[in-house]
Amino acid sequence: MRSVYRVAQVRSAESALMATLPAGTLMQRAAAGLARRCAVTLRGQGGVYASRVVLLVGPGDNGGDALFAGAMLARQGVQVGALLGDPDRAHAEGLAALRGAGGRVLADWPKRIDLVVDGLLGIGATGALRGTALTLAEQLAERTPRPVVIAVDVPSGVGVDTGDVPGTAIHADVTVAFGCLKPAHVVGPAAVLAGQVELVDIGIVPHLVGDPALRVADTADIAAWWPHPGPVSDKYTRGVVGVATGSAGYPGAALLSLSGALAGPAGLVRYAGSAHEIVVPAHPSVIAAPRMAEAGRVQAWVCGSGLGTDDRAAAEVRGVLAAPVPALLDADAITLLVDGSMSSELRSRDAPTVLTPHDREYARLAGADPGADRVAAAQKLASWTRSVVLLKGDRTVVAGPSGEAWVNPTGTPALATGGTGDVLSGLLGSLLAAGLPAIRAAVVAAYIHGLAGRIAATSGPVTAVDVAAALRPAIASLTRTPTGTAPVRPT
Ligand SMILES: NC(=O)C1=CN([C@@H]2O[C@H](COP(=O)(O)OP(=O)(O)OC[C@H]3O[C@@H](n4cnc5c(N)ncnc54)[C@H](OP(=O)(O)O)[C@@H]3O)[C@@H](O)[C@H]2O)[C@@H](O)CC1
Ligand SMILES: Nc1ncnc2c1ncn2[C@@H]1O[C@H](COP(=O)(O)OP(=O)(O)O)[C@@H](O)[C@H]1O
């Protein structure tokens, strides 16, 4: 798991550490890491010696990092030139170091560039790029061919704490992040502009105080959290998931959410709804009934996609809210919550609830778009509804009612196709039925769903059916050594 911290937390950790070190030590550590990464890129492009690097230098310490790294590269024979956003405010020692190592201040962009180092703005950025920093970013964006760009700490122009991009911003191939990840590295449109994010340890981690702003699960977490059947498990003890989705008008939603549920760890999948006659031929292991009340016992409900919004659908949603088991509400079930008529049933539930809105569903329910800060938006809805909120998108955010937030790193634009959300809801419901805490179930489901999207995309254009089929290889890639099965040894 990786933890992501806000600017204020980073600043206070840096201050605490700096108090124990000679002045300038942290900047030297940062610059050394940056110079090393630049050299790797230059080597990959044909060589470090005599290559040409342009530094974009802003008025703060971010520019200082770039200048010191530039000096280190110049000492390795790189031709380093600096374009200064504000010559009067450029980091004085950094500038002296660059000049002392043979680097130059440039009046204009040179013709040939092997690498641009974006040191315009770091964690001191506020709002959209302005002034000379904006001009330099615009000039860079216009250059053809587009040079390789390494950003210092964060790409300039992004909202560091939100991942928002309020205006023109630098699009980096690599971002060398100092000390720890910040939200802009992992969430929102900024994460795309950061490119490949590489962390340089400058020693601040032990000084970071407070809960992280965000967490990012990795493969080892997901593998550790995935529920495996034990030696004496049966289909009931593994958990039974109930799926109340689809309708005569939208039978496909039922089939897709069931295919997600069937790939999950639950031991049995029940279906309740008006598509009951078509689901069994497609998924013979599913036990189907026309209504929830006739479906039998389950340990979690998935409800909403393709359900419609008529009285029958509303009754099913009320039934799910009244059930004393975890419940996932998606799509039409979210729409049915909008008028507030079920808000007391929603907010007073004792069992966990998971809501899985995309942006338009979020706007309907919350009364406003998620806006620039997607994490705060998910947290707000989670707190108000006392639910886990999985806010879908290219970097899906998961937030719990207590404020804990996660961002999913595995998404792919290949998932932006009809029905993939239904597959996700079924998988997530199966994880709930298997007993995973709601927030963890949401994190695991989003992660595996993203992996499945990537696997599906390797065979060409993707449909939701392909994503469902790819869930099993995605899960297998995480859980190659199942527990609970004794190895068979030759005698
Ligand atoms: N602290 C440490 O220990 C370490 C820090 N390190 C490094 O320092 C970086 C942080 O440096 P920092 O605090 O000097 O801020 P930084 O981002 O360089 O510049 C802020 C200046 O830019 C300006 N400005 C702001 N917004 C703007 C906009 N939208 N458009 C245009 N201009 C804008 C604003 O000027 P003003 O608005 O006042 O004119 C402000 O003065 C950090 O990311 C890391 O790289 C490492 O060396 C490791 C140790
Ligand atoms: N650009 C994207 N990159 C990564 N994942 C995406 C992208 N666009 C959509 N997704 C994912 O695809 C799924 C779409 O779900 P949803 O909007 O509910 O579609 P549907 O209702 O058609 O099933 C979500 O899991 C979402 O996070």
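Under an unreviewed UniProt entry, the protein has the name Bifunctional NAD(P)H-hydrate repair enzyme and belongs to Catellatospora methionotrophica. Annotation of the protein in UniProt includes, under Subunit (unreviewed entry), the sentence "Homotetramer."

Some remarks on the overall build of the protein
What the protein contains, in helices and strands, is 18 helices and 18 strands. Taking 491 residues into account, the globule formula puts the C-alpha radius of gyration at 23 Å, and the protein, at 26 Å, falls close to it. Principal-axis analysis of the C-alpha atoms gives the protein an extent of 80 × 65 × 45 Å. Within the protein, buried positions represent 55% of all 491 residues. Restricting to contacts in the protein with at least 6 residues of sequence separation, those with at least 24 account for 73%.

Remarks on the nonpolar core
In this structure, Cys38, Val117, Cys303, Val398, Ala442 and Ile448 are the most contacted members of the largest nonpolar core, which totals 172 residues. The element contributing the most residues to this core is helix 17 (residues 438–457), with 14 residues. Split by domain, the residues of this core number at least three in each of domain 1 (2–211) and domain 2 (219–478). When residues no more than four places from it in sequence are discounted, the contact partners of Ile448 are Ile222, Leu427, Leu471, Ala474 and Ile475.

Points about the site of ligand 1
Close to ligand 1 lie 28 residues; Gly60, Asp61, Asn62, Gly122 and Gly124 are nearest. Counting residues per element, the ones that place at least two in the shell around ligand 1 are helix 1 (7–18), helix 2 (25–44), helix 3 (61–74) and helix 5 (131–142). The greatest single-element share of the shell around ligand 1, amounting to 4 residues, is contributed by helix 3. Of the residues in the shell around ligand 1, the class split is 14 nonpolar, 9 polar and 5 charged.

Things to note about helix 14 (residues 359–366)
Listed in full, the buried residues belonging to helix 14 are Glu361, Tyr362 and Leu365. Projected down its long axis, helix 14 carries its buried residues within an arc of 105 degrees, all on one side. The inward-facing, buried residues of helix 14 abut helix 12 (331–337), helix 15 (374–385) and strand 16 (388–391). Two residues or fewer past helix 14, Gly367 is found with a positive phi of approximately 85 degrees.

Examining the environment of Gly127
Along the chain, Gly127 turns up in the loop between strand 5 (115–119) and helix 5. Through-space distance from the C-alpha of Gly127 to that of Arg395 is 22 Å; in sequence the pair is 268 residues apart.

Section: the sheet that holds strand 7 (residues 174–178)
Across the sheet, which stays open at both edges, the 7 strands sit in the order 4-3-2-5-6-7-8 with parallel pairing between neighbours. Lying at the two open borders of the sheet, with one neighbouring strand each, are strand 4 (104–105) and strand 8 (196–200).

Focus on the UniProt feature "binding site: AMP" (unreviewed entry) in the protein
When the UniProt feature table is mapped onto this chain, "binding site: AMP" (unreviewed entry) is found at Lys392, Gly393, Asp394, Arg395, Thr396 and Gly421. Of the residues just listed, which span 30 residues, no C-alpha pair is farther apart than 13.9 Å, and they cluster in one region. Note on placement: Lys392 falls in the loop between strand 16 and strand 17 (397–399). Setting aside chain neighbours within four positions, we find Lys392 in contact with Thr356, Pro357, His358 and Gly421. Note on placement: Asp394 falls in the loop between strand 16 and strand 17. Look at Asp394 and you get partly exposed, because 16 C-beta atoms sit within 10 Å. Apart from residues lying up to four places away in sequence, Asp394 is in contact with Gly411 and Pro413.

Comments concerning the domain arrangement of the protein
A common way to state how big an interface is: give the accessible area lost once the parts meet. As assigned here, the protein comprises domain 1 (2–211) and domain 2 (219–478). Domain 1 and domain 2 are separated by 40 Å when their C-alpha centres are compared. The partner domain 2 presents 8 residues to the 9 residues of domain 1 that form the contact. When contributions to the side of domain 1 that touches domain 2 are tallied by element, the ones reaching two or more residues are helix 6 (183–186) and helix 7 (188–193). The residue makeup of the side of domain 1 that touches domain 2, split by class, is 4 nonpolar, 4 polar and 1 charged.

Observations regarding the pairing of strand 3 (residues 79–84)
The side chains of a regular strand alternate, residue by residue, between the two faces of the sheet. Counting buried positions along strand 3 gives 5 out of 6 residues, so the element sits mostly inside the fold. In this region the chain leaves strand 2 (residues 52–57), passes through helix 3 and returns to the parallel neighbour strand 3; the handedness of that crossover is right-handed. Note on the crossover from strand 3 through helix 4 (residues 92–100) to strand 4: the handedness is right-handed.

Remarks on the packing of helix 9 (residues 251–263) against helix 16 (residues 420–433)
One can describe the packing of helix 9 onto helix 16 by two numbers: an axis separation of 6 Å at closest approach and a directional angle of 40 degrees. Classified by the angle between their axes, helix 9 and helix 16 sit oblique to one another. Here helix 9 runs over helix 16; the crossing is right-handed. Residues Ala253, Leu256, Ser257, Leu258, Ser259, Gly260, Ala261 and Ala263 of helix 9 pack against Asp422, Val423, Leu424, Ser425, Gly426, Leu427, Gly429 and Ser430 of helix 16. Grouping the amino acids of the contact of helix 9 with helix 16 by side-chain chemistry returns 8 nonpolar, 7 polar and 1 charged.

Details of the packing of helix 2 against helix 3
Contact geometry of helix 2 with helix 3 gives a least axis separation of 8 Å together with a crossing angle of 55 degrees. The angle between helix 2 and helix 3 falls in the class oblique. As for the relative orientation of helix 2 and helix 3, their crossing is right-handed in sense. Contact residues: Met27, Gln28, Ala30, Ala31, Ala32, Leu34, Ala35, Cys38 and Ala39 in helix 2; Asp61, Gly64, Asp65, Phe68, Ala69, Met72 and Leu73 in helix 3. Here the contact of helix 2 with helix 3 is built from residues that sort into 12 nonpolar, 2 polar and 2 charged.

Examining unusual backbone geometry
Each neighbour pair has its own omega, and for Thr144 with Pro145 the value is -10 degrees, a cis peptide bond. Mapped onto the fold, Pro145 is located in the loop between helix 5 and strand 6 (149–152). Phi angles above zero are rare outside glycine, and Ala50 is one such case at about 70 degrees. Position of Ala50 among the secondary structure elements: in the loop between helix 2 and strand 2.

A look at the site of ligand 2
Neighbouring ligand 2 are 18 residues; Asp394, Gly411, Leu415, Ala416 and Gly421 lie closest to it. Looking at the shell around ligand 2 residue by residue, the class counts come to 5 nonpolar, 10 polar and 3 charged.

The rules behind each value
- Each chain carries its own residue numbering, running from 1 in the written order of its sequence.
- Written order determines the labels here, with chains lettered from A and ligands numbered from 1.
- In view of the model being predicted, local features appear only for residues whose pLDDT reaches at least 70, and side-chain atom pairs are presented and counted only at 80 or more, with totals across whole chains, interfaces and linings using the full set of residues.
- UniProt positions are given in the numbering used here, feature names are shortened, and annotations may be inferred rather than shown by experiment.
- Secondary structure elements follow DSSP: runs of H or I no shorter than four residues count as helices, runs of E no shorter than two count as strands, and numbering proceeds from the N terminus.
- Radius of gyration: over C-alpha atoms. The globule rule applied is 2.2 Å multiplied by the number of residues raised to the 0.38 power.
- Our exposure labels follow a C-beta count within 10 Å of each residue's own C-beta, placed from the backbone: buried means 20 or more other C-beta atoms, exposed means 12 or fewer, and partly exposed covers the counts in between.
- A pair of residues counts as a contact when their C-beta atoms, built from backbone coordinates, are within 7 Å of each other.
- As used throughout, a nonpolar core is a set of buried Ala, Val, Leu, Ile, Met, Phe, Trp, Tyr and Cys residues joined through C-beta atoms within 7 Å of each other.
- For every domain, the bounds stem from an assignment made automatically or drawn from a database.
- Contact assignment follows one rule, namely that a residue is near a molecule or strand if its backbone-placed C-beta atom lies within 6 Å of it.
- The nonpolar class holds Ala, Val, Leu, Ile, Met, Phe, Trp, Tyr, Cys and Pro. Asp, Glu, Lys and Arg form the charged class, and all remaining residues, Gly among them, are polar.
- Throughout, the arc means the angular range of directions from the helix axis out to the C-beta atoms.
- Each pair of strands is called paired provided DSSP finds at least two bridges between the two strands.
- Convention used here: a crossover is right-handed provided that the path from the first strand, over the helix, to the second strand proceeds clockwise when the strands point away from the viewer.
- Lines fitted to C-alpha atoms define the axes here, with helix axes fitted over just the stretch in contact, and angles between the N-to-C directions of these axes take values from 0 to 180 degrees.
- When describing relative orientation, an angle under 35 degrees is termed roughly parallel and one over 145 degrees roughly antiparallel, while 65 to 115 degrees is termed roughly perpendicular and anything else oblique.
- Handedness of a crossing is defined here by the sense of rotation of the near helix relative to the far one, left-handed for an anticlockwise turn of less than a right angle and right-handed for a clockwise turn.

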